[in-house]
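Summary of the model geometry
What follows is the residue order along each chain.
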Amino acid sequence: MTGVPASAAGGSSGARRAGPARTSGPAAEPGECTSAGTAPGRTGSGRGAGTGTGEAGRSEAGRGGTELGTVQRGIAPGGATEGGAAGRGGKIAAAAVNQASVWNVANLLTMLRLLLVPAFVALMLGNGGYDPAWRSFAWAAFAVAMITDLFDGHLARTYNLVTDFGKIADPIADKAIMGAALICLSALGDLPWWVTAVILGRELGITVLRFVVIRYGVIPASRGGKLKTLTQGVAVGMYVLALTGPLATLRFWVMAAAVVLTVVTGLDYVKQAIVLRRRGIAERRAALKETDG
């Protein structure tokens, strides 16, 4: 074997020396490329082979290390474009969820209450407005509206279903069904107009007052206000029904209690609004003094 070039012999010997050393050690390190069917050795790394083999090994190792690092970082070719598309897709999906959240149970109950307003008026005035059967159907519609008023706000707060639509539509639905009932009763002569004026004037006035002082804070609903709402609903419902005898007398006193609660709670809300406004003005002045000082 005297005709074998020294470089070839050295390469073969180097390969034999490197191969067993790597076979007895751990698996190939990241960046050391191997060919299919070849034991992991140093040949690909360019450490034991000749010049040509070493350059090829370093080239393959460089590419392999780059690809491995890319995979480890989770970045694929075109990953920036795909990531941007994924980000835009996530925003679109989030917007779709926000839009779909409007159609929740609480808002559907509010919409039902709004739809019941014209239905109640039609039933209340049906057949001249004095037919006991039509008045009974009108009472059923009014009762459903009042019951949904109790549940939709509770559901929205309990299950985090509060939406901008609900904040606007819920008070409108409340005032609409109560106002429609009071106006119909007064138009039919069953309820004095001054009672309707006091109740509706209070409701609209407090709603406007809340918006006026909202820059200083929110006026919370009181227990008296909740009792007022319940008493109003019971009283108006009793007037919607064609009651006679002792029940007719009872509904008069229930309505009287509702009017008293309406006035008292209205004055309490006005007091809270004044206190809230004064406190807010005082806090702003104190903040301005600290800033100037």
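Scroll up a little and you will see the structure.
In what follows, the accompanying structure is described. (Residues numbered from 1 in each chain as written. Predicted model: local features only at pLDDT ≥ 70, side-chain atom pairs only at ≥ 80, totals over all residues. Heavy atoms only, no water.)

**Remarks on the overall build of the chain**
- The number of helices and strands found in the chain is nine helices and zero strands.
- Listed N to C, the secondary structure of the chain is α-α-α-α-α-α-α-α-α in terms of helices and strands.
- Each of the 293 residues in the chain was classed as buried or not, and the buried ones make up 30%.
- A fraction of 68% describes how many contacts in the chain between residues 6 or more apart in sequence connect residues 24 or more apart.
- Carbon and sulfur atoms make up 67% of the accessible area of the chain, which totals about 18,100 Å². (Helix = DSSP H or I, 4+ residues; strand = E, 2+ residues; numbered from the N terminus. Buried < 20%, exposed > 50% of the residue type's maximum accessible area, 1.4 Å probe, protein only. Contact = heavy atoms within 4.5 Å. Areas by Shrake-Rupley, 256 points an atom, 1.4 Å probe, with all protein chains shown as cover.)

**A short note on helix α4 (residues 105-124)**
- Under the 1.5 Å per step criterion, the end-to-end length of α4 is 28 Å for 20 residues, consistent within 8% with the ideal 28 Å.
- Remark: the principal bend of α4, roughly 30 degrees, maps to Val 117, with a proline, Pro 118, within the next four residues.
- Listed as buried for α4 are Ala 106, Asn 107, Leu 109, Thr 110, Arg 113, Leu 116, Val 117, Phe 120 and Met 124.
- Contact partners of the buried residues in α4: α5 (132-158), α6 (164-187) and α8 (223-240). (Expected span 1.5 Å × (residues − 1). Bend = angle between axes of the 7 residues up to and from the residue.)

**What about the side chain of Lys 228?**
- For Lys 228, the location among the structural elements is in helix α8.
- When its relative accessible area of 5% is taken as the criterion, Lys 228 is described as buried.
- Beyond its immediate sequence surroundings of up to four residues, Lys 228 is in contact with Arg 202, Glu 203, Leu 261, Thr 262 and Thr 265.

**Structural notes on the packing of aromatic side chains**
- Applying the stated criterion to the full structure yields two aromatic pairs.
- Taking 5.9 Å as the distance between ring centres and 45 degrees as the angle between the ring planes, the aromatic pair formed by Phe 120 and Phe 142 counts as tilted. Of the two residues, Phe 120 sits in helix α4 while Phe 142 sits in helix α5, which places them 22 residues apart along the sequence. When sorted by exposure, Phe 120 lands in the same class as Phe 142, which is buried. (Phe/Tyr/Trp six-rings, centres within 6.5 Å; stacked < 30°, edge-to-face > 60°.)

**A closer look at the environment of Leu 161**
- In this fold, Leu 161 is placed in the loop between α5 and α6.
- On the accessibility criterion, Leu 161 (23% relative accessible area) is partly exposed.
- C-alpha separation for the pair Leu 161 and Trp 103, spaced 58 residues apart in sequence, amounts to 9.5 Å.
- Leaving out residues up to four positions away in the same chain, Leu 161 has contacts with Asn 104, Val 105, Ala 106, Leu 155 and Ala 156.

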